[in-house]
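# Close look at the chain arrangement
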Amino acid sequence: MPVIRATGLRKSFGAHAVVRDVSFEVAAGETLVLLGPSGCGKTTLLKLLNRLIEPDGGTVEINGENVLSQRPEALRRGMGYVIQQVGLLPHYTVAENIAVVPRLLGHAPAAIAARTEALLTRLHLPPARYAGQLPHQLSGGQQQRVGLARALAADPPIVLLDEPFGALDPVTRASIRREFRELEELKTKTVVLVTHDVTEAFELADRIMLLDGGRIQQLGPPRELLFRPANGFVRDFFAAERLALQLRTLTLNDIFRDSTTDDSAASFAANITVHEALETLTSGNAAAFPFTVAQLMAAFGEALQREEDGWKR
Ligand SMILES: Nc1ncnc2c1ncn2[C@@H]1O[C@H](COP(=O)(O)OP(=O)(O)OP(=O)(O)O)[C@@H](O)[C@H]1O
C-alpha cells in the first residue's frame with residue numbers, strides 16, 4: 001500500500017485553476033520531487049497533503065486513510081514540514097525550536113534533549129555551540145538545517161519540504177544538499193520535496209513529478225524524464241541543462257555495459273555517475289579508474305547514442 005495516495009485533486013483560487021486533476025502515489029521510503037516553473041501549483045499541491053489547503057475535489061489518503069477523517073493537527077504532527085522561509089520562532093533558542101512538536105506530543109524531556117543533540121550533531125551544528133543560540137545568530141544555511149532538524153524531531157514517517165534550500169547561495173546549497181542526501185535519518189522516510197531547481201530535483205529524487213499549469217506533465221524516475229520526455233514541455237524544460245543532467249544521470253555501469261573498449265567495469269564502483277568520475281579524474285586523481293577522461297567521454301557519447309536509438313525505435 002502506498003504511504004500517500006492522491007486521487008483527482010483539484011484546487012482553484014477564484015477563477016484560477018491551480019491544481020487540475022492530479023493523481024499520484026508515493027511509496028514508503030520514496031523521495032518524490034515536485035518540479036516546475038513558478039506558479040505551476042507545487043506549493044499548493046504540497047499543502048493539500050497536510051490539509052493546510054483543502055481541495056475542491058479529489059482525495060488524499062495517508063496509509064490508506066482519507067485525511068478528511070483525521071484532525072488536521074494530528075495529521076500534521078505525523079508529517080514533518082519545512083517551509084522555504086524556515087519559520088523559526090525568533091525568541092526561542094535552537095534547542096527550543098527543535099523541541100516544539102515533541103513537547104506538544106508529550107515526549108519526555110530527557111528523550112527530547114537526547115534527540116535534539118543527536119540531530120544537531122548529524123546536521124553539523126555541534127550542540128555545545130549552537131543549542132543555546134537564537135535564530136538571528138545563525139547563517140541562512142544554519143537556520144535551514146535547524147528547520148530540517150525541527151521537522152525531523154518527532155521522527156515523523158513522512159516529511160514535506162517546500163524549497164528547503166531556497167534561501168541559500170548556490171555553493172552552500174550544493175553542500176547542504178549533499179549532507180541532506182547522506183542523512184541516515186531521511187533514508188527511511190517518505191519525502192515529498194518542492195523545488196524549481198532542476199539539478200536539485202535530479203540529485204534528490206527517486207521520481208520527479210513535473211508540473212505545468214496545475215497538471216502533471218510527466219511523473220517518473222529522473223532518467224525517464226530526460227531520455228523519454230512525454231511531450232514538448234518536458235523536453236524543453238530540461239533543454240538548457242541537458243548535457244549536465246545526462247552526466248549526472250548515466251552511471252559507469254550504463255556507459256560501459258555494452259562496451260567492447262573496457263570490460264573492467266566490475267573493478268570499480270560502477271554505480272557512480274559519469275559526472276562524479278569526471279570530477280575525480282580531473283582533480284589530480286588520474287589513476288583512480290582504469291580509463292582516461294578521453295575514454296570516459298567516448299563511452300559516454302556512445303551511451304547517449306544508444307539512448308537516442310532506443311528512443312527512435
Ligand atoms: N491563497 C491563495 N489565493 C489566491 N491565489 C493563490 C493562493 N495561493 C496560491 N495562489 C496562486 O496559485 C498559483 C500557484 O501557486 P503555488 O504557490 O502553488 O505555485 P508554485 O508552483 O509553488 O510556485 P513558486 O515556485 O513560485 O512558489 C499562483 O499563481 C499563485 O498566485
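This section reports on the structure supplied with the text.

So, how was this worked out
- Residues numbered from 1 in each chain as written.
- Predicted model: local features only at pLDDT ≥ 70, side-chain atom pairs only at ≥ 80, totals over all residues.
- Heavy atoms only, no water.
- Phe/Tyr/Trp six-rings, centres within 6.5 Å; stacked < 30°, edge-to-face > 60°.
- Buried < 20%, exposed > 50% of the residue type's maximum accessible area, 1.4 Å probe, protein only.
- Helix = DSSP H or I, 4+ residues; strand = E, 2+ residues; numbered from the N terminus.
- Pairing = 2+ DSSP bridges.
- Contact = heavy atoms within 4.5 Å.
- Axes fitted to C-alpha atoms, helices over the stretch in contact; angles between N-to-C directions.
- Near = heavy atom within 4 Å.
- Polar contact = N/O pair within 3.5 Å; in protein donor to acceptor, adjacent residues only side chain to side chain.
- Areas by Shrake-Rupley, 256 points an atom, 1.4 Å probe, with all protein chains shown as cover.
- Core = buried A, V, L, I, M, F, W, Y, C linked by side-chain atoms within 4.5 Å.
- Salt bridge = Lys/Arg side-chain N within 4 Å of Asp/Glu carboxyl O.

## Section: the packing of aromatic side chains
Tallying each qualifying case throughout the model produces six aromatic pairs. Feature note: the residues Phe202, Phe233, Phe237 and Phe238 constitute an aromatic cluster, connected by ring pairs.

## A few points about unusual backbone geometry
The phi torsion at Arg51 lies on the positive side, around 65°, for a residue other than glycine. Here Arg51 falls in the buried class, since its relative accessible area comes to 13%. Phi angles above zero are rare outside glycine, and Asp155 is one such case at about 55°. Summarising the element assignment, Asp155 is placed in the loop between helix 6 (140-152) and strand 7 (158-162). The partly exposed category is assigned to Asp155, whose relative accessible area is 44%.

## Some remarks on the sheet that holds strand 2 (residues 16-26)
Taken together, the four strands give an open sheet; going across it, the order is 2-1-4-5, and neighbouring strands pair in antiparallel fashion. The open sheet terminates on both sides in strands that have one partner only, identified here as strand 2 and strand 5 (65-66). Sheet topology places strand 1 (residues 4-13) next to strand 2; seven bridges connect them, and they run antiparallel. Bridge pairing in strand 2 links Lys11 to Val19. Of the strands in this sheet, strand 1, strand 2 and strand 4 (57-62) touch helix 1 (residues 42-49), which is tilted by about 55° from strand 2.

## Some thoughts on the site of the ligand
Looking at the ligand, the residues that line it are Phe13, His16, Val18, Pro37, Ser38, Gly39, Cys40, Gly41, Lys42, Thr43 and Thr44. A distance of 2.8 Å is found between an oxygen atom of the ligand and a backbone nitrogen or oxygen belonging to Gly39. Here an oxygen atom of the ligand and a side-chain polar atom of Thr44 are 2.6 Å apart. Protein contacts shield 57% of the accessible area of the ligand, which totals 640 Å² for the unbound molecule. Sorting the residues of the shell around the ligand by element identifies strand 2 and helix 1 as the ones contributing at least two each. In terms of residues, the shell around the ligand owes the most to one element, helix 1, which gives three residues.

## Description of the nonpolar core
Counting 58 residues, the largest nonpolar core has Phe238, Leu252, Ile255 and Leu296 as the members making the most contacts within it. Not counting residues up to four positions away in its chain, the partners in contact with Ile255 are Leu250, Val274, Leu296, Ala299, Phe300, Ala303 and Arg306. Counting 28 residues, the second-largest nonpolar core is a separate cluster that includes Phe24, Ile53, Leu75 and Val194.

## Digging into the sheet that holds strand 3 (residues 31-35)
Strands pair in a sheet through their backbones, by hydrogen bonds, and they do so in one of two ways: parallel or antiparallel. An order of 6-7-8-3-9-10 is seen for the six strands of this open sheet, with the pairing classed as mixed. A strand with exactly one partner marks an edge of an open sheet, and here the two such strands are strand 6 (79-82) and strand 10 (215-220). Averaged over all neighbouring strand pairs, the angle between strand axes comes to 15°, with direction disregarded. Alignment of strand 6 against strand 7, held across four bridges, turns out to be parallel. Looking at strand 7, one finds that Gly80 is bridged to Val159. Contacts from helix 11 (residues 232-239) reach strand 3, strand 9 (207-212) and strand 10 within the one sheet, and its direction differs from that of strand 9 by about 105°.

## A word on the pairing of strand 4
With five bridges connecting them, strand 1 and strand 4 associate as antiparallel partners. Along strand 4, the bridge assignment pairs Arg10 with Gly57. Sheet topology places strand 4 next to strand 5; two bridges connect them, and they run antiparallel. Along strand 5, the bridge assignment pairs Glu61 with Asn66.

## Notes on the pattern of salt bridges
The tally for this structure, following the rule as stated, stands at 14 salt bridges. As a salt-bridge pair, Arg207 and Glu30 come within 2.5 Å of each other at their nearest N and O atoms. A residue pair is termed long-range when its members are at least 10 positions apart, and Arg207 in strand 9 and Glu30 in the loop between strand 2 and strand 3 qualify at 177 residues. The class for Glu30 is buried, based on a relative accessible area of 10%. Between Glu54 and Arg51 there is a salt bridge; the shortest N-O distance is 2.9 Å. Glu54 sits in the partly exposed class, given a relative accessible area of 33%.

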